[in-house]
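For reference, the chains in residue letters:
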Amino acid sequence: MIISRQLTGLALAGMFLGLSLSAHALSPATQASADIRRTAFGVPHIRAENERGLGFGIGYAYAQDNLCLLANEIVTVNGQRSRYFGPDQFTVEERENRVSDVFFTWLNTPEAVQAFWQAQPTEVRDLMQGYVAGYNRYLGERRQQGLPQQCQGEWVRDIAAEDLVKLTRRLLVEGGVGQFAEALAGATPPQASAQIEQPSHAWQLADTRQQRFALDRGSNAVAVGSERSFNGRGMLLANPHFPWVGGMRFYQMHLTIPGKLDVMGAALPGLPMINIGFNQHLAWTHTVDSSKHFTLYRLQLDPRDSTRYLLDGKSLPLNKQTVTVQVKQADGQVVPVSREIYSSQFGPIVQWPGKLDWDHQYAFSLRDANLENDRVLKQWYAMNQANSLKDLQDSVHKIQGIPWVNTLAVDDKGQTLYMNLSVVPNVSADKLAKCSDPRAGLQMIVLDGARSGCAWDIDPQAAQPGIYASSQLPQLLRKDFVQHSNDSAWLANPAQPLTGFSPLISQDSQPLGMRSRFALDRLASLDKQGPLAVQDLQRMVMDDNVYLASQVLPDLLKFCAKDLGADASKLKPVCASLKAWDGRANLDSGSGLVHFQNIMQTLQESPQVWRVAFDPKAAQSTPRGLAIEQPDVSKAVREAMLASLELSSQMGIKPDTRWGDIQVVSSGGQQTAIHGGPGTLGIYNAIQSVPREDGKLEVVSGTSYLQVVSFDDKGPHAQGLLAFSLSSDPASKYSRDQTEAFSKKQWSVLPFTEQQIKADPQYQVQSISEAADKVAAQ
């Protein structure tokens, strides 16, 4: 009966959504059309007369370049991976299919999808419906030609607007409940049989994935104003660090509706608008913020029943929701499998062994502020259309749709703007003190779920109940610079610290990350040399400086110069490589980089190793130095060097090995050497890579879409790169070209004006229309 009711609800919700889509569809006389004009590296410049046509062109162009990628993500967000690929395989994010399916079936209920769709303005709906029609149009053409090898199967299907909603909702919860998929799918009342048996390595993967969230989706940004730029106008460096594969892989494009929209930049899969980019008058980017976008609630359970909890002394039942997914068996049959998801009024129960246990006394609920954020697409489209920095700022103040990132922007007048105006739970420092255990710290906020007074506060000025109003969040407007690299809002510009906010928003007087320290150090150094130029911002990334080396390498070399006793001969190769190393992460940098990375990865876990401890009054220069004169530190350095020696031997590293021989990215059976390295070492060009069986490191995330934008009287001048290239199809000529350019540090001019676009040597045009049987190529 439960399954029957679910199917009935699904059918009804689908029918209502279908009716709403049909009612909104355009008549045949006004069917969509668009021009897709490609320039160097295949970058599409899509032009249409309205949003429906623009979406049609975006969906078609995206399918040309990433058909299989989007098809795979559609299966994921619909909770259908176990149906097609079996329950024990893993997603791109290294999550078991059955866990992924339970999570997304829970997240993307028909009711939630319908509510999101109904909240969208007409323009956004038109973009989404056009995107669907364009993607399906190209999919039909590829079916006739033969689908790419990596996406042949019944799981590849026409998509609908609901699918794009589900993709968007996945994006929204990336900074919250999306990090707890295993904990949500496996939560089981005590003494009951576990619903999903998860081996210990699954939790280890989940823990690693959570810790790496800010690394995989980090970013750098520098916005330079009139007081510091070479021509007195604004200048912006955008350097987001995002995954190189999967549903968070950026796509580069230029969108135009004559007289209404002209914007260029990058977007995430399935989004028919620009996330990071520029237009005629301004440029903007995002960095993952340090704000909290969810809180946990510790529930006090009814001692008579572990599926009931006490709130203000009253026993309440946990809500129980049956989630059913289709699972392919070993014999090929597909059978329905149901799981129970429990929730309190504070959100779903999450259970993480050793961290968030569900026993007879306590359980933990998670409330994610972005589950109620249906404004995100409206927000980005408003930013795309902004004609001034004030327009952009006003739109974010009013809509409050940015999920879990900061925004940095400049305009052609020379103003810079920093905003930490994302969706943050309204929990004041006072409430936090009253409702949380201070021993738990601030890494993860845990509130008292036994008192209704610990619920999030309601501010009528906020865009949704339970979040902070935009006026209460950090923002800074200046004419010199603002910068950010995933730390708090505190020192976006040290001349004007942002302080006094709830710990959920921003924590001041905390150590800065090494990338932030590098940026502030470089900007201060450049200030002594005169106005900043475009090349100065490019070099911040492409110099591949290892900032941490400037703080500790002299001490490591001093250690090497000491009497190392019985280990002297063993450590000689390590010390020699450190001495010969150039302090960078270039392709030709030597093996000293590998040893430095291994050594510091160990030492940074212990704050006692620093010679000069962190001082909030000197946050830009502390901590620094290694206290090698202390026996414990000297011992730790020695052990770290010996461990690095063993690891490098296992990797097959020789004295003449270069960094470019080690760190690579593979595509279509070929590999490209990639410079850059871990952001934790202060490498601004942050690149995350994982070990391969052959001893090399495979790039999985890091510098993705690069842009430097400046302005003059005629408008924007932009240079950029998409580090992993436009297409994820290994057979495409656009799958490796920008990657090779990135490897060679060759930036590309981004054509923006009609003259620039048509003058591009690689210029080509496709005119597409829903009414036409074929696409016209010119």
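Residues numbered from 1 in each chain as written. Predicted model: local features only at pLDDT ≥ 70, side-chain atom pairs only at ≥ 80, totals over all residues. Heavy atoms only, no water.

Named according to an unreviewed UniProt entry, the protein is Acyl-homoserine-lactone acylase originating from Pseudomonas helmanticensis.

For the rest of this paragraph, the subject is the overall build of the protein. Helix and strand counts for the protein stand at 22 helices and 31 strands. In terms of C-alpha radius of gyration, the protein reaches 26 Å, essentially the compact-globule figure of 28 Å for 778 residues. Its C-alpha atoms give the protein principal-axis dimensions of about 80 × 75 × 55 Å. The burial tally for the protein puts 60% of its 778 residues in the buried class. Put simply, 69% of the contacts in the protein that link residues at least 6 apart link residues at least 24 apart. Accessible surface, the protein as shown: approximately 30,200 Å² in total, 50% of it carbon and sulfur. Considering the protein, the positive charge centre built from 72 side chains and the negative charge centre built from 78 side chains are found 1 Å apart. (Helix = DSSP H or I, 4+ residues; strand = E, 2+ residues; numbered from the N terminus. Rg over C-alpha atoms; globule rule 2.2 N^0.38 Å. Buried < 20%, exposed > 50% of the residue type's maximum accessible area, 1.4 Å probe, protein only. Contact = heavy atoms within 4.5 Å. Areas by Shrake-Rupley, 256 points an atom, 1.4 Å probe, with all protein chains shown as cover. Lys, Arg positive; Asp, Glu negative; His and termini not counted. Charge placed at Lys NZ, Arg CZ, Asp CG, Glu CD.)

Let's shift gears to the nonpolar core. What tends to happen in soluble globular proteins is that the nonpolar side chains get buried as a cluster. Membership of the largest hydrophobic core comes to 232 residues, with the highest contact counts inside it found for Phe596 and Met641. Counting residues per element, this core draws most heavily on helix H2 (residues 51–77), which supplies 15 residues. Setting aside residues up to four positions removed in sequence, methionine 641 forms contacts with Leu556, Phe559, Cys560, Leu571, Val574, Cys575, Leu578 and Ile599. (Core = buried A, V, L, I, M, F, W, Y, C linked by side-chain atoms within 4.5 Å.)

Let's shift gears to the pairing of strand E12 (residues 319–328). Sheet analysis places E12 next to strand E13 (residues 334–344), joined by ten bridges and oriented antiparallel. Directly across from asparagine 319, in E13, lies its bridge partner serine 343. In this structure, the hairpin formed by E12 and E13 is closed by a connection of five residues, where glycine 332 is found at a positive phi of approximately 95°. (Pairing = 2+ DSSP bridges.)

The next subject is the packing of helix H11 (residues 376–385) against helix H12 (residues 389–399). It is the contact of H11 with H12, at a shortest axis distance of 9 Å, that shows an interaxial angle of 165°. The angle between the axes of H11 and H12 places the two elements in the roughly antiparallel class. In this structure, H11 crosses over H12, and the sense of that crossing is right-handed. Contacts from Lys378, Gln379, Ala382 and Met383 of H11 reach H12 at Leu392, Ser395, Val396 and Ile399. When grouped by side-chain class, the residues that make up the contact of H11 with H12 number five nonpolar, two polar and one charged. (Axes fitted to C-alpha atoms, helices over the stretch in contact; angles between N-to-C directions. Parallel < 35°, antiparallel > 145°, perpendicular 65-115°, else oblique. Left-handed = near helix turned anticlockwise from the far one by under 90°. Nonpolar A, V, L, I, M, F, W, Y, C, P; charged D, E, K, R; others polar.)

It is worth spelling out the environment of serine 488 at this point. Relative to the helices and strands, serine 488 resides in the loop between strand E20 (481–484) and helix H14 (514–527). A relative accessible area of 13% means that serine 488 is categorised as buried. Separated by 25 residues in the primary sequence, serine 488 and glycine 513 place their C-alpha atoms 9.8 Å from one another. Once you skip the residues sitting within four places of it in the chain, serine 488 turns out to touch Ser290, Ser506 and Gln507. For serine 488, the side chain forms a polar contact with the main-chain oxygen of glutamine 507, separated by 3.0 Å. (Polar contact = N/O pair within 3.5 Å; in protein donor to acceptor, adjacent residues only side chain to side chain.)

Another aspect to go through is the packing of aromatic side chains. Throughout the structure, instances matching the rule amount to 17 aromatic pairs. Taken together, the ring pairs in this structure connect Tyr84, Phe85 and Trp155 into an aromatic cluster. The ring of tyrosine 362 carries arginine 298 above its face, with NZ or CZ at 4.1 Å from the centroid. The ring of tryptophan 352 carries the charged tip of lysine 355 above its face, separated from the ring centre by 4.6 Å. (Phe/Tyr/Trp six-rings, centres within 6.5 Å; stacked < 30°, edge-to-face > 60°. Lys NZ or Arg CZ within 6 Å of the ring centre and 35° of its normal.)

Further remarks concern helix H15 (residues 534–542). Two residues of an α-helix separated by three or four positions point the same way, owing to the 3.6 residues in each turn. Among the nine residues that make up H15, seven are buried, leaving the element largely enclosed by the rest of the structure. Of the residues making up H15, those classed as buried are Val534, Asp536, Leu537, Gln538, Met540, Val541 and Met542. Tucked into the core, H15 has its buried residues touching strand E3 (219–224), strand E4 (235–243), H14, strand E27 (705–712), strand E28 (715–722) and helix H21 (737–743). Aspartate 544 occupies a position one or two residues after H15 and carries a positive phi of about 55°.

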